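Observations on the model geometry
As a plain string of letters, each chain reads:
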Amino acid sequence: MLNVSYDDVKWAESFNEIYCFTFIKGVGETEALLRLGGLQDTFRPRTQQEASEMYDSYEAGYANVAFALDLGGWTVLIEPGGYQGALIELLRALSLGTEAVSVRRHDYADHGFGYAVDGTLVTGFEPTWPGRRWGSEPDRLVGKMRTAGLDPDLDDEEDFVSDPHVPALLLAGLITGVLQHRDTLSGRLMSAEIEPWFSAAEPWLGHGPADPEMIAALAAAPPHVLRSVAARETERLASVLHLDGTPGLAEAVAAAERGETVKVSPTSELGVHVRSWLKRAHQAGRSLNASFDRGNMTDDERTDAYMLGWFAGVLRAALWPEPHAAARAVLHPLTQGPPSLRDPAQQSAILHELRGDARLT
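Residues numbered from 1 in each chain as written. Predicted model: local features only at pLDDT ≥ 70, side-chain atom pairs only at ≥ 80, totals over all residues. Heavy atoms only, no water.

1. Observations regarding the pattern of salt bridges
For clarity, the threshold we go by: Note on definitions: salt bridges are taken to be side-chain nitrogens of Lys or Arg within 4 Å of carboxyl oxygens of Asp or Glu. To qualify as a helix, a DSSP run of H or I must reach at least 4 residues; to qualify as a strand, a run of E must reach at least 2; elements of each kind are numbered from the N terminus. Each residue gets one of three labels from its accessible area relative to the maximum for its type: buried under 20%, exposed over 50%, partly exposed in between, using a 1.4 Å probe on protein chains only.
Under the counting rule described, the total for this entry stands at 15 salt bridges. Residue Arg236 pairs with Glu233 through a salt bridge whose shortest N-O separation is 2.7 Å. Remark: Glu233 and Arg236 occur in helix H7 (residues 223-240); sequence separation between them is three residues, near one turn of the helix. Like Glu233, Arg236 is buried. When salt bridges that share partners are traced, they join Arg146, Asp151 and Asp153 into one network.

So this is what it looks like as structure tokens:
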């Protein structure tokens, strides 16, 4: 066990109001960044100031930048102002074949702690209330939690851990046996722009149709029908948004429909277009909160940019190898999305196809 104390992590109190430190065992800096969705053509040493300027830049698409630092046996991914490594889907992907520990500070939302092993979330909790835990083994870390100052029995709205991200970082050190010092984060570190769309993480599949009939039909449909439905709906949306001529798009969707594994490189023709769609969607959302940038888009341009974001999410789901989850997520815009993406006739036809009593033409 690492011989550390609160004094060794106290610096994290003032590091940032939002940040994420994610430790990955036995993985080098380059591989760690790639697992997080690092874009290969953006790898280079940067300072935190340079990353901050990119994050605040409309022209840069408000780019998220992560740093990687080899600590010997473990690599820590540092996201000043970010939190991707704390998302369950990404943390599980980061841990494939190894272990990963994530500590998130977010003063305007939730803090977070996660420990994953080979694609499974073992223990997760919000450090403010460490008594509320989840995962395959929610009690696995209780001894180390007590040592770090996180009472595993504390589950009271009136009694909570103050500045919980600090003992959470200490807990990460007790698990990994390594900790970065603030001095090691100064100067230039290897970094990359990150876009989780290109990671191995499962796409967020929480949304889907709300209609009970559609939900039941999805659950009962065989894999080949689910893949067909996902492909057809992706093609329809591409046509609606005038994206159907995108190089490589039709081939990727067709391969996924055949059940093949499809991996889109961020430097491929299709990957470059996906990056441009996501960048435009980021610009649309973030510029609304930046008074100097709000005028860079008209209302119509912002709406069009949001639609590109919706489509990028649909494509990501359509290429996911698990057909039920993929079809469910692909159908979300059709049934719950913006009016321009909905089509009652298409929804009815898909319901019939899923049931097997009709085919789309």
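2. Concerning the pairing of strand S4 (residues 74-80)
Short version of the rule: In this analysis, strands are considered paired if DSSP registers two or more bridges between them.
Burial of S4 is extensive: six of the seven residues sit out of reach of the surface. Bridge analysis of strand S1 (residues 18-25) against S4 gives seven bridges, and the strand direction is antiparallel. Residue Lys25 lies in a different strand from S4, and its bridge partner there is Trp74. With antiparallel pairing between neighbouring strands as the criterion, strand S3 (residues 65-70) and S4 make up a hairpin whose turn holds three residues, including Gly72 at a positive phi of roughly 90°.

3. Here's the deal with the layout of surface pockets
What counts, and what does not: Cavity and pocket criteria rest on a 1 Å grid covering protein atoms alone: a 1.4 Å probe that fits but cannot get out defines a cavity, protein on both sides within 12 Å along at least 5 of 7 lines defines an open pocket, and an atom within 4 Å of a point defines a lining residue. Grid points are joined across faces, edges and corners, and a volume is the space filled by probe spheres set on the points. Three classes are used: nonpolar for Ala, Val, Leu, Ile, Met, Phe, Trp, Tyr, Cys and Pro, charged for Asp, Glu, Lys and Arg, and polar for all others, with Gly counted as polar.
When its volume is computed, the largest pocket comes out at roughly 1200 Å³. Lining the largest pocket are 39 residues, and of these Glu195, Trp204, Leu278, His282 and Gly313 sit closest to its centre. If you list the elements that add at least two residues to the lining of the largest pocket, you get helix H3 (88-94), helix H9 (269-287), helix H10 (299-318) and helix H12 (332-336). Counting residues per element, the lining of the largest pocket draws most heavily on H10, which supplies eight residues. The class makeup of the residues in the lining of the largest pocket is 21 nonpolar, 12 polar and six charged.

4. Some words on the packing of H7 against helix H13 (residues 344-355)
Our working definition: For every element, the axis is a line fit to its C-alpha atoms; helices are fit only across the contacting stretch, and the angle between N-to-C directions ranges from 0 to 180 degrees. Should an angle lie under 35 degrees it is considered roughly parallel, over 145 roughly antiparallel, and from 65 to 115 roughly perpendicular; all remaining angles are considered oblique. Two helices cross in a left-handed way if the nearer one is turned anticlockwise from the farther one by less than a right angle. They cross in a right-handed way if the turn is clockwise. The criterion used for residue contact is that any of the two residues' heavy atoms lie within 4.5 Å.
At a minimum axis separation of 10 Å, H7 and H13 run at an interaxial angle of 165°. Taken together, the axes of H7 and H13 are roughly antiparallel relative to one another. Of the two possible hands of crossing, H7 and H13 adopt the one that is right-handed. In this structure, H7 uses Val225, Leu226, Ser228, Val229, Arg232, Glu233 and Arg236 to contact H13, whose residues at the interface are Gln346, Ile350, Glu353 and Leu354. Here the residues of the contact of H7 with H13 are counted per class, giving five nonpolar, two polar and four charged.

5. Considerations on empty space enclosed by the protein
Overall, the coordinates contain one cavity of 30 Å³ or more when judged by the stated rule. If you add up the space inside the largest cavity, you get close to 30 Å³. In this structure, the largest cavity is lined by Arg46, Thr47, Gln48, Phe67, Ile78, Leu185, Gly187 and Leu189. Its residues assigned to classes, the lining of the largest cavity comprises four nonpolar, three polar and one charged.

6. Some thoughts on the packing of aromatic side chains
As a reminder, the rule being used: Each pair of aromatic rings taken from Phe, Tyr and Trp, with Trp reduced to its six-membered ring, is defined by centres within 6.5 Å and is described as stacked if the planes are under 30 degrees apart, edge-to-face if over 60, and tilted in the remaining cases. By the criterion adopted, a ring carries a charge over it if an Arg CZ or a Lys NZ lies within 6 Å of its centre and within 35 degrees of its normal.
On inspection of all chains with the given rule, the structure shows 10 aromatic pairs. Residues Tyr58 and Tyr62 carry aromatic rings whose centres are separated by 6.2 Å and whose planes lie at 85° to one another, so their mutual orientation is edge-to-face. Three or more aromatic residues joined by ring pairs form one cluster here, namely Trp11, Phe15, Tyr19 and Phe21. For the cation-ring pair, Arg286 lies above Tyr55, with the distance from its terminal atom to the ring centre recorded as 4.2 Å. A cation over a ring is seen here: Arg316 above Trp197, with NZ or CZ 5.9 Å from the ring centre.

7. Brief notes about the pairing of strand S7 (residues 120-125)
Counting buried residues along S7, five of its six residues qualify, which places the element largely inside the surrounding structure. Bridge count between strand S6 (residues 112-117) and S7: five bridges; the pairing is antiparallel. Each bridged residue has a counterpart across the sheet, and for Phe113 the counterpart in S7 is Phe125. With antiparallel pairing between neighbouring strands as the criterion, S6 and S7 make up a hairpin whose turn holds two residues, including Asp118 at a positive phi of roughly 45°. The sheet contact formed by S7 and strand S8 (residues 133-134) spans two bridges and is antiparallel.

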